[in-house]
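One-letter residues, chain by chain:
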Amino acid sequence: MIGYISDNLLLPILDFFYGLVPSYGLAIVALTVVIRLALFPLSAGSIRSARRMRIAQPVMQKRQAEIKSRFASNPQKQQEELGKLMKEFGSPLAGCLPLLVQMPILFALFATLRGSPFADVPYTLNLKVLPAEQIAAVEPKPFTSASHSIFITETDHVPVIASLPGGTKIGTGESVQIQLQTKSGDAFSDVVDGVENGQSFLPAWTVTKGESIVSVSDDGQITALAPGDATVEGKIPGLAARSGFLFIKALGQVGFYTDGSVNWDIAILVGSFGLSLFISQLLSGMGMPANPQQSTANKITPVMITGMFLFFPLPAGVLLYMVIANIFQALQTFLLTREALPDNLQAILDDQLKQQPATATAGGPQGGRLPFEPKGGNK
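Note that the structure is predicted; figures quoted are calculated from it, not measured. (Residues numbered from 1 in each chain as written. Predicted model: local features only at pLDDT ≥ 70, side-chain atom pairs only at ≥ 80, totals over all residues. Heavy atoms only, no water.)

Visitor: Teacher, can you tell me more about the overall build of the chain here?
Guide: When helices and strands are counted, the chain shows 11 helices and 13 strands. Classification of the 379 residues of the chain by burial places 43% in the buried group. Sequence separation of 24 or more characterises 67% of the internal contacts of the chain that already satisfy a separation of 6 or more. Of the accessible surface of the chain, which amounts to about 19,700 Å², a share of 60% is contributed by carbon and sulfur atoms. (Helix = DSSP H or I, 4+ residues; strand = E, 2+ residues; numbered from the N terminus. Buried < 20%, exposed > 50% of the residue type's maximum accessible area, 1.4 Å probe, protein only. Contact = heavy atoms within 4.5 Å. Areas by Shrake-Rupley, 256 points an atom, 1.4 Å probe, with all protein chains shown as cover.)

Structural data, given as structure tokens:
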């Protein structure tokens, strides 16, 4: 499903924006905004549900305990009363469905930006070499890799797969040829023959594991040397992997620290991601009662995730998407915290805020209200 969404939805949108403004960096920004706008109703549902559950949860827990205690001997009545409670405040799981629905699209967007044209695309084959006397008893099972859309020009891309017709199990002394082809069966080498500098898109195959087990030529011919396990990999260069954007040296660049030097563009992107995540979490608590545990999590989580992405191998183009998406999320969260609550939840929130010192609330010195919010709240 992710590959289908990428090929039939995201890449055409990407092509459209690149046709308007020939900049892959701007195309990433535009693609991210369009997808986030399209998913706005779903993500808004999750944010609303989380906000309402944060207010209602203490009351719900208290009433659930009372119902279970009161109707302990009558399970049917207990379920009936719990159902009424859920109807009154909503289910804690209500925000999960919108999140689940949008996840395939977000995963597809993430996968799209990790592939061509923004990054080099690897094709990996895990091989098992068997002694010659054993291979005859093995039934051949053709191997086909996952399909990747490879950009061969700024607007032309083709789905390419790597295959071994005889499978990944080969006998000692045998030689097999890796076939790199389109889904329609055309050899990838023939496709790039008609493209300017097309030969630069052909991968050089290398052995990444088991050099004493197999050898491979640059054009993908594998020779089995000895029994064992081996891995062969070839990378098709990304058309825009080495293209820059603003302060980013290369959209396909991976790693905060490479070749003994710091990549400051990656550092800036990761830092921006952490800051935007922190701001988004702060905004989600605006006007809410103080929650020490939540406050601690809001401080620690951005630091942990930011630290992870300093060394997690993500291309700069993906990090750019994540920063733009976080900024959009923060703006959306701010707008939704200004929405009026249902009367029953507003009454609960007002009561919770009255029970705490004004300076202890997440919204600051005005008892949880924003500085520009009238005393009447969000009614």
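Visitor: Would you take a moment to explain the packing of helix α3 (residues 40-70) against helix α10 (residues 316-337) for this structure?
Guide: The geometry of a pair of packed helices is captured by two quantities: the angle between their axes and the separation between those axes. The geometry of α3 relative to α10 is characterised by a closest axis approach of 10 Å and an angle of 55° between their N-to-C directions. In terms of orientation, α3 lies oblique with respect to α10. Judged by the sense of rotation from one axis to the other, the crossing of α3 with α10 is right-handed. The segment α3 lies against α10, with F40, S43, A44, I47, R48 and R51 engaging F328, Q329, Q332, T333, L336 and T337. The residue makeup of the contact of α3 with α10, split by class, is five nonpolar, five polar and two charged. (Axes fitted to C-alpha atoms, helices over the stretch in contact; angles between N-to-C directions. Parallel < 35°, antiparallel > 145°, perpendicular 65-115°, else oblique. Left-handed = near helix turned anticlockwise from the far one by under 90°. Nonpolar A, V, L, I, M, F, W, Y, C, P; charged D, E, K, R; others polar.)

Visitor: Quick question: what am I supposed to make of the sheet that holds strand β9 (residues 214-216) here?
Guide: By way of backbone hydrogen bonds, the strands of a sheet pair with one another, either parallel or antiparallel. Across the sheet, which stays open at both edges, the three strands sit in the order β6-β10-β9 with antiparallel pairing between neighbours. With partners counted over all chains shown, the strands left at the sheet margins are β6 (175-177) and β9, one partner each. Taking the axes of each pair of neighbouring strands and ignoring which way they run, one obtains an average angle of 20° across the sheet. As paired elements, β6 and strand β10 (residues 221-224) share three bridges and run antiparallel to each other. Pairing of Q177 across the sheet is with Q221, part of β10. (Pairing = 2+ DSSP bridges.)

Visitor: Where do I start with the packing of helix α8 (residues 264-284) against α10 in this structure?
Guide: Where α8 meets α10, the closest approach of the two axes is 9 Å, and the angle between their N-to-C directions is 15°. The angle between α8 and α10 places the two elements in the roughly parallel class. For the crossing formed where α8 meets α10, the hand is left-handed. Of α10, the residues touching α8 (which contributes I266, L269, V270, S272, F273, S276, L277, S280, L283 and S284) are A316, L319, L320, M322, V323, N326, I327, Q329, A330, T333, F334 and T337. Looking at the contact of α8 with α10 residue by residue, the class counts come to 14 nonpolar, eight polar and no charged.

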